[in-house]
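# Tertiary structure, described
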Amino acid sequence: MVESPPRAPGVYEFFAGGGMVRAGLGEGWDCRFANDIDPAKAAAYRANWGDAELRVGDIGALTPADLPGAAELMWGSFPCQDLSLAGAGAGLEGARSGTFHSFWRLAQGLAAEGRAPRIVAVENVCGALTSRGGRDFEALCRAWAEAGYVFGALVINADRFLPQSRPRLFVVGVRGDVAIDPALLADGPQGPFHPPALVRAAARLPRETAARMVWWRVRAPTAPVPTLAELIEADGPALRWHSDEQTARLLALMTPVNRAKVEAARAAGGRRVGTLYRRTRPAPDGGKAQRAEARFDLAGCLRTPGGGSSRQTLLVVEDGRVRSRLMTAREMARLMGLPDSYRLPTSHSAACHLAGDGVAVPVVRHLAQWLFEPLARAGEALPRAA
């Protein structure tokens, strides 16, 4: 008798956006339920993954009965606005970041039915470590601890995989009855994913919560990181370059330090690709002034059009000439690790909003390889629904 291959581990994906987590997990995982409230993002999800598993609507309206069967992984990239350093400071009590509580109520409901996922993971901005004086990070950790999970946190920057600075906090909890391979555990914080800010936040946890915290051992990536120049689109009529006058106005907004970066790129010869943000900074007279900040090593963290920051501008220095234009949605998608086969929304605004949000695909892939997959295989498999 020929044995059938083992079933792929399952995942429930919340705040799914356009499915970047699904893309990162890959075909080795079986998505059994996905949810997002944004119709435009849901349309992109359908275009790429179909809608068999997708439920569009408020997570607060869901119950465990909406989630089919059982899953090894429950993932939530809940909104960051109230936890962000640029936000209003409402933290987990805010209307948007507070949706974590709806996510956790579902996890608790599954546990009450004997369907507790063996892995529950969330992703958010690093501001969650210090939001409301550290009380929000404590609340996150306490949720896992009180539910009988052991948990650990990591800070992973997408710049280890892609030419984009995008540090994010990941809290990963594992059901208390799962046998964890000692190779997945470190004796204490270690590089590169346990930075000082995380260590300080962990040190502030109450003793009973800290007793259930572990330090995950996740290998550092070794593959070379592509350059920004390798990811930008080839020149063509579809690209809308700024006029020389528009570029000159951007350069005029730079401080001497940032203008020196452009001049150094010009003096180096060849072709150099950088990025530029326009920001409001303090002026010498005590007021505010708009400034342009440039960098040529990698892109800054992508922002959505409604994220409180201007879209990123590309600077291309070649043969002594400086050209500029806004970054395209496809370039933003590449900086998130999405392949060109990924179908972006036809609306440029919707495509930029989608591509500037969520977690970078190769970060999820790395976590899946070095943490989620070993944990999903550990111990007894979860009971399967008929």
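The present account deals with the structure reproduced in this document. (Residues numbered from 1 in each chain as written. Predicted model: local features only at pLDDT ≥ 70, side-chain atom pairs only at ≥ 80, totals over all residues. Heavy atoms only, no water.)

You can see Thr99 is positioned in the loop between strand E4 (73-76) and helix H3 (100-112). Taking the relative accessible area as the measure of exposure, Thr99 reaches 17% and is therefore buried. Excluding residues that lie within four positions of it along the chain, Thr99 makes contacts with Phe15, Ile59, Phe78 and Pro79. (Helix = DSSP H or I, 4+ residues; strand = E, 2+ residues; numbered from the N terminus. Buried < 20%, exposed > 50% of the residue type's maximum accessible area, 1.4 Å probe, protein only. Contact = heavy atoms within 4.5 Å.)

Pairing of strand E10 (residues 271-282) with strand E12 (residues 313-318), which is carried by six bridges, proceeds in the antiparallel orientation. Paired with Val273 across the bridge in E12 is Val316. The sheet contact formed by E10 and strand E11 (residues 288-295) spans eight bridges and is antiparallel. Across the sheet, residue Leu276 finds its bridge partner in E11, namely Ala294. Count of turn residues in the E10/E11 antiparallel hairpin: five residues, of which Gly286 carries a positive phi of about 95°. (Pairing = 2+ DSSP bridges.)

This paragraph deals with the sheet that holds E10. In spatial order, the strands read E11-E10-E12-E13; together these four strands make up an open sheet with antiparallel pairing. Of all the strands in the sheet, just E11 and strand E13 (321-326) have a single pairing partner and so form its edges. For this sheet the average axis-to-axis angle between neighbouring strands, irrespective of direction, equals 30°. Helix H8 (residues 244-252) rests against E10, E11, E12 and E13 of the sheet, and its axis sits at about 90° to E13. (Axes fitted to C-alpha atoms, helices over the stretch in contact; angles between N-to-C directions.)

We now examine the packing of aromatic side chains. The geometry of an aromatic ring pair comes down to the distance between the two centres and the angle between the two planes. Within this structure, the stated rule accounts for 10 aromatic pairs. Look at Phe14 and Phe103: their rings are 5.8 Å apart centre to centre, the planes differ by 80°, and that puts the pair in the edge-to-face class. One end of the pair, Phe14, is in strand E1 (residues 10-14); the other, Phe103, is in helix H3, with 89 residues separating them in the sequence. For Phe103, a relative accessible area of 1% gives the class buried. Their ring planes at 85° and their centres at 6.0 Å tell us that Trp75 and Phe372 sit as a pair that is edge-to-face. Of this pair, Trp75 sits in strand E4 while Phe372 sits in helix H12 (residues 361-377), and the two are 297 residues apart along the sequence. On the accessibility criterion, Trp75 (0% relative accessible area) is buried. Taking the relative accessible area as the measure of exposure, Phe372 reaches 0% and is therefore buried. Directly above the aromatic system of Trp241 lies the positively charged group of Arg325, at a separation of 4.9 Å from the ring centroid. (Phe/Tyr/Trp six-rings, centres within 6.5 Å; stacked < 30°, edge-to-face > 60°. Lys NZ or Arg CZ within 6 Å of the ring centre and 35° of its normal.)

As a further point, take helix H4 (residues 135-146). Compared with an ideal rise of 1.5 Å per residue, which puts 12 residues at 16 Å, H4 spans 16 Å between its outermost C-alpha atoms and is within 8% of the ideal. Within H4, burial applies to Asp136, Phe137, Ala139, Leu140, Cys141, Ala143, Trp144 and Ala145. Looking at the buried positions of H4, the neighbouring elements they touch are H3, strand E5 (119-124), strand E6 (149-157), strand E7 (167-175), helix H5 (196-203) and helix H6 (207-210). (Expected span 1.5 Å × (residues − 1).)

What follows covers H12. Owing to its 3.6 residues per turn, the α-helix brings residues three or four apart onto one side. Taking the largest bend as the criterion, H12 deviates by roughly 50°, centred on Ala368. Within H12 the residues assigned to the buried category are Val361, Pro362, Val363, Val364, His366, Leu367, Ala368, Leu371, Phe372, Leu375 and Ala376. Those residues of H12 that are buried are in contact with helix H1 (20-25), E4, E5, E6, E7 and strand E9 (215-216). (Bend = angle between axes of the 7 residues up to and from the residue.)

For the bond running from Gly191 to Pro192, omega is 0°, close enough to zero to count as cis. Positionally, Pro192 belongs in the loop between strand E8 (185-186) and H5. You will see that Phe15, though not glycine, has its phi angle at about 55°, which is positive. Its location among the elements puts Phe15 in the loop between E1 and H1. The exposure class assigned to Phe15 is buried, which follows from its relative accessible area of 17%. One non-glycine residue, Arg132, adopts positive backbone phi at about 50°. Mapped onto the secondary structure, Arg132 falls in the loop between E5 and H4. On the basis of relative accessibility, which here comes to 26%, the residue Arg132 falls in the partly exposed class.

Before going further, it helps to examine the pattern of salt bridges. Taken as a whole, this structure holds 22 salt bridges when the rule is applied. Residue Glu146 is joined to Arg142 by a salt bridge in which the shortest nitrogen-to-oxygen separation is 3.8 Å. Highlighted residues: Glu146 and Arg142, both in helix H4, separated by four residues, approximately one helical turn. Residue Arg321 pairs with Asp244 through a salt bridge whose shortest N-O separation is 3.5 Å. Taken together, the residues Arg321 in strand E13 and Asp244 in helix H8 connect sequence positions 77 residues apart. On the basis of relative accessibility, which here comes to 49%, the residue Asp244 falls in the partly exposed class. If you follow the salt bridges from partner to partner, you end up with Arg7, Asp30, Arg32 and Glu72 in one network. (Salt bridge = Lys/Arg side-chain N within 4 Å of Asp/Glu carboxyl O.)

Function cannot be inferred from these measures alone, as they are strictly geometric.
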